[in-house]
Amino acid sequence: MSRLSVRQVRLRYLALHGLRWTPTGLMIPVMVLLMQERGLSLPQIGLVSTAQALVVLALELPTGGLADALGRKPVLVTAWALNLVSLAVFATAGSFAFFFLAWLLQGVYRALDSGPLDAWYVDTTLAADPGARYEGGLGLAGTVAGVAIGAGALLSGGLVALGPVGPVSALTLPVLVALALQVVALAALLTLLVETRPAQGLGALRASVVEAPRMVGRAFGLLRRSRVLLALVTVELFWGFGMVTFESLLPVRLAEVVGDADRAAALLGPASSAAWLASAAGAALTPLLLRWPGGAASAALLRVVQGATVVGMGLFAGPLGVLVAYLACYAVHGASNPLHMGLLHRQVDGPYRTSVVSLNSMMGQPGFALGAVLLTALADARGVAPAMLVGAVVLAVAAPLYLPAWRAGRRGAGAGEPVDPEGMDKPGRPEAGTGGRREPAASTTG
C-alpha cells in the first residue's frame, strides 16, 4: 500500500479514536447498577474495581517500550482484543470471581492501550511530511473522545429505557451493544492502522523488559529531585480517591433518590452525555483561568469547588439537584485537568516528558483503588451520602498541594525548573502534544 497522506492519517486516527471510546460511553451509565443487579454488594463492587487500578499501577511504566519492540499495531490489536474478551466476561458474569476477572482484563487492556495509537499518529504523520504539525490532530482526538463517550452514554440510556428484550435485562442490553461495537472497532483497527515502521523483534522486547525496573526507579527518583513534582503527583492520589464518588457512587446515589435502578440508568444515559459536554466546556475556560487567577491558583480553587459539587450530589434530595451537581462536577473536572497537566509538563524537558505523565497517571491508580474499597464499604455501612461527603473532603484537601507550583511561579520560574535526570528515556510514545488526558478511572471499557 502507498504511503498515507497527512490528511488520511488524521482521518484514520480520529475514526479509530471515536470507535475506541464509544463502548466506554455505553458502559458508564450501567456498569455499577448491573453488578448490583447480578448480586454484588457495594463493598464487593469496590473490591472488583481495584483489580483494574492495581494492574494499571503495575504495568503503566514497564509497558513503555513494548510498542517499539513489537510494533504499535500488534500491541493495539492485543489490547483491543483483550477489551473484547473483558466485555464478554462482564456481559455474562454472575459472580464476584467473574466480575473480578473482567476488571483484571481491563487493567491489562488499559496498560497496553495507553499511548500506541497516539504514537502511531505522530510517527505516521511525520513520515508523510516531516514538517507537519500534529498537535491539532491530538487536540481533535480529545473532542472526538468526548463526543463518542457522550453519544455512547445517550444510546445507553435509550437502550435501558426500551426495557428488557427477551431474556436480556434492560441493564445488560448496553453491554451487548458495546461488545458488538468493540468487534467493529477491532476490525477497523486491523484495516485502517498501517504500520509505517517495522517492529524491532523479540531482542528489543527482551531489552525493554530488562530496562524496565531501572527506568521505573529513575522515574520515582524524579520525586526526590523536585518538590513541585512531588506535590503535583500527590494531588493525583487524592484526585483518584475522590473520583470514586462521581464515577462509581453517583449511579447508586441516583438510584437511591429515584427509587428504581432501571429508571436511574435511563436518566444517566443523557446525563452522562451532557456531563462530557460540560467537561469540554470546562476545558474551554482554561485560557481565562490561566490569565486570572493563574494556573496553580485556579487548580487549587477548582479542587475545593469540585469537592463542593460532590457535597451537592450527596445532599440534594431530588434527582434534578443530584444531576445538576453531577454536571457541575464534570465541568470542574474538565477545567481542572488541563491546568494540572500544564503544571506537570513544566517539570520536565524533551524525551522525559511522557515518563512524568505516565508517573502521574500511575499514581492515581492506588488512590482510586483505596477509594473504591473504603468508600463503597462506607456506603454499604452508613449510606451513599456519607461516603460521598468523605470523598468530597479528600478532593478538597488536595488544594494546598498546588502551593509549591504557585510559589515557584511567583519566583518567575514558571512552575519550577524542568527535571532532566540522566538516562530517563522512555521510548514508544510521543513526547509532546499528547496532553496527558485523564481517562475515566472506573470505566469497564477503559
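Residues numbered from 1 in each chain as written. Predicted model: local features only at pLDDT ≥ 70, side-chain atom pairs only at ≥ 80, totals over all residues. Heavy atoms only, no water.

Q: So what exactly am I meant to see when it comes to the overall build of the protein chain here?
A: Looking only at helices and strands, one finds 18 helices and zero strands in the protein chain. Per-residue burial over the protein chain gives 55% buried out of 446 residues. Sequence-distant contacts, at least 24 apart, represent 86% of the contacts inside the protein chain between residues at least 6 apart. (Helix = DSSP H or I, 4+ residues; strand = E, 2+ residues; numbered from the N terminus. Buried < 20%, exposed > 50% of the residue type's maximum accessible area, 1.4 Å probe, protein only. Contact = heavy atoms within 4.5 Å.)

Q: Help me understand the confidence of the model for the protein chain, please; the structure alone is not making it clear to me.
A: Atomic detail in the predicted coordinates should be set aside for any region of low pLDDT. With 81% of its residues at a pLDDT of 70 or more, the protein chain shows a mean pLDDT of 81. Confidence, read as mean pLDDT per element, is least for helix 4 (residues 66-70) in the protein chain (62) and greatest for helix 9 (residues 173-192) (96). Of the regions scoring below 50 in pLDDT, residues 413-438 engages in 103 contacts with residues more than four places distant in sequence or in other chains. The low-confidence segment residues 441-446 (pLDDT under 50) makes 39 contacts with residues lying over four places distant or belonging to another chain. (pLDDT = per-residue confidence, 0-100.)

Q: Sorry if this is basic, but what is going on with the environment of T125 here?
A: Here T125 is to be found in helix 7 (residues 116-128). Judged by its relative accessible area of 0%, T125 is buried. Between the alpha carbons of T125 and Q8 there is a distance of 9.2 Å; along the sequence they are 117 residues apart.

Q: Teacher, can you tell me more about the pattern of salt bridges here?
A: Close approach of charged atoms lets side chains of opposite charge pair. All chains considered together, the criterion is met by two salt bridges. Taking the shortest distance from any N to any O, the salt bridge between D113 and R20 comes out at 3.0 Å. Of this pair, D113 sits in helix 6 (residues 96-113) while R20 sits in helix 1 (residues 6-27); the two residues are 93 residues apart in sequence, bridging distant segments of the chain. On the basis of relative accessibility, which here comes to 9%, the residue D113 falls in the buried class. Under the relative-accessibility criterion, R20 is labelled buried at 4%. (Salt bridge = Lys/Arg side-chain N within 4 Å of Asp/Glu carboxyl O.)

Q: What is the right way to read the nonpolar core from this model?
A: Within soluble globular proteins, side chains that are nonpolar tend to cluster in buried spots. Ranked by internal contacts, the top residues of the largest apolar core, which has 96 residues, are M35, F90, L249, V310, M313, Y326 and Y402. Of all the elements, helix 11 (residues 227-258) adds the most residues to this core, at 16 residues. W120, Y134, L189 and L193 belong to the second-largest nonpolar core, a separate cluster that totals 23 residues. (Core = buried A, V, L, I, M, F, W, Y, C linked by side-chain atoms within 4.5 Å.)

Q: Please explain the packing of helix 11 against helix 17 (residues 384-396) as it appears in this structure.
A: Geometry of a packed helix pair, given as the angle between the helix axes and the separation of the axes. Contact pair helix 11 / helix 17: the axes reach a minimum separation of 9 Å and the direction vectors enclose 155°. As summarised for this structure, helix 11 and helix 17 are arranged roughly antiparallel, according to the angle between their axes. In the crossing of helix 11 with helix 17, the sense of the turn from one axis to the other is left-handed. Facing helix 11, whose interface residues are F238, W239, F241, G242, T245, L249, L250, V252, R253 and E256, helix 17 presents V384, A387, M388, G391, V394 and L395. (Axes fitted to C-alpha atoms, helices over the stretch in contact; angles between N-to-C directions. Parallel < 35°, antiparallel > 145°, perpendicular 65-115°, else oblique. Left-handed = near helix turned anticlockwise from the far one by under 90°.)

Q: So what exactly am I meant to see when it comes to the environment of D260 here?
A: As for its position among the elements, D260 is in the loop between helix 11 and helix 12 (261-284). By relative accessible area, D260 is classed as partly exposed at 37%. Here the side chain of D260 touches D262 through a polar contact of 3.3 Å, landing on its backbone nitrogen. (Polar contact = N/O pair within 3.5 Å; in protein donor to acceptor, adjacent residues only side chain to side chain.)

Q: Please explain the packing of helix 3 (residues 42-59) against helix 6 as it appears in this structure.
A: In contact at an axis separation of 8 Å, helix 3 and helix 6 are set at 25° when each is read in the N-to-C sense. One element, helix 3, and the other, helix 6, form an angle in the roughly parallel class. Here helix 3 and helix 6 pass one another in a crossing that is right-handed. Of the residues in helix 6, those touching helix 3 at Q44, L47, V48, S49, A51, Q52, V55, V56 and L59 are F96, F99, F100, W103, L104, Q106, G107, V108, R110 and A111. The class makeup of the residues in the contact of helix 3 with helix 6 is 13 nonpolar, five polar and one charged. (Nonpolar A, V, L, I, M, F, W, Y, C, P; charged D, E, K, R; others polar.)

Q: Teacher, can you tell me more about the environment of T191 here?
A: Here T191 is to be found in helix 9. Sequence spacing of T191 and R12 is 179 residues, and the spatial spacing of their C-alpha atoms is 9.8 Å.

Q: Can you help me understand a nonpolar patch on the surface in this one?
A: On the surface, F98, F100, L101 and L104 cluster together into a nonpolar patch covering about 330 Å² of accessible area. Checked against the element boundaries, L104 lands in helix 6. (Patch = residues over 30% accessible without salt bridge, like charges linked within 9 Å, V, L, I, M, F, W, Y side chains within 5 Å. Areas by Shrake-Rupley, 256 points an atom, 1.4 Å probe, with all protein chains shown as cover.)

Q: Sorry if this is basic, but what is going on with the packing of aromatic side chains here?
A: For any two aromatic rings, the description comes down to two numbers: the centre-to-centre distance and the angle of the planes. Applying the stated rule across the entire model yields six aromatic pairs. Between the aromatic rings of F90 and F99, the centroid separation amounts to 5.2 Å while the plane-to-plane angle is 75°, which identifies the pairing as edge-to-face. Aromatic pair F246 and Y330: ring centres 5.6 Å apart, planes at 80°, arrangement edge-to-face. Of this pair, F246 sits in helix 11 while Y330 sits in helix 15 (residues 319-345), placing them 84 residues apart in sequence. Accessibility expressed as a relative area gives 2% for F246, which makes it buried. Feature note: the residues F246, W276, Y326 and Y330 constitute an aromatic cluster, connected by ring pairs. Taking NZ or CZ as reference, R20 lies 3.8 Å from the ring centre of W21, over its face. In this arrangement the basic side chain of R303 is found over the ring face of W239, its NZ or CZ atom lying 4.1 Å from the centre. (Phe/Tyr/Trp six-rings, centres within 6.5 Å; stacked < 30°, edge-to-face > 60°. Lys NZ or Arg CZ within 6 Å of the ring centre and 35° of its normal.)

Q: Is there a simple way to think about the side chain of T309 in this case?
A: Summarising the element assignment, T309 is placed in helix 14 (residues 295-315). Dropping the residues within four chain positions of it, T309 is found in contact with A325, A328, C329 and V332.

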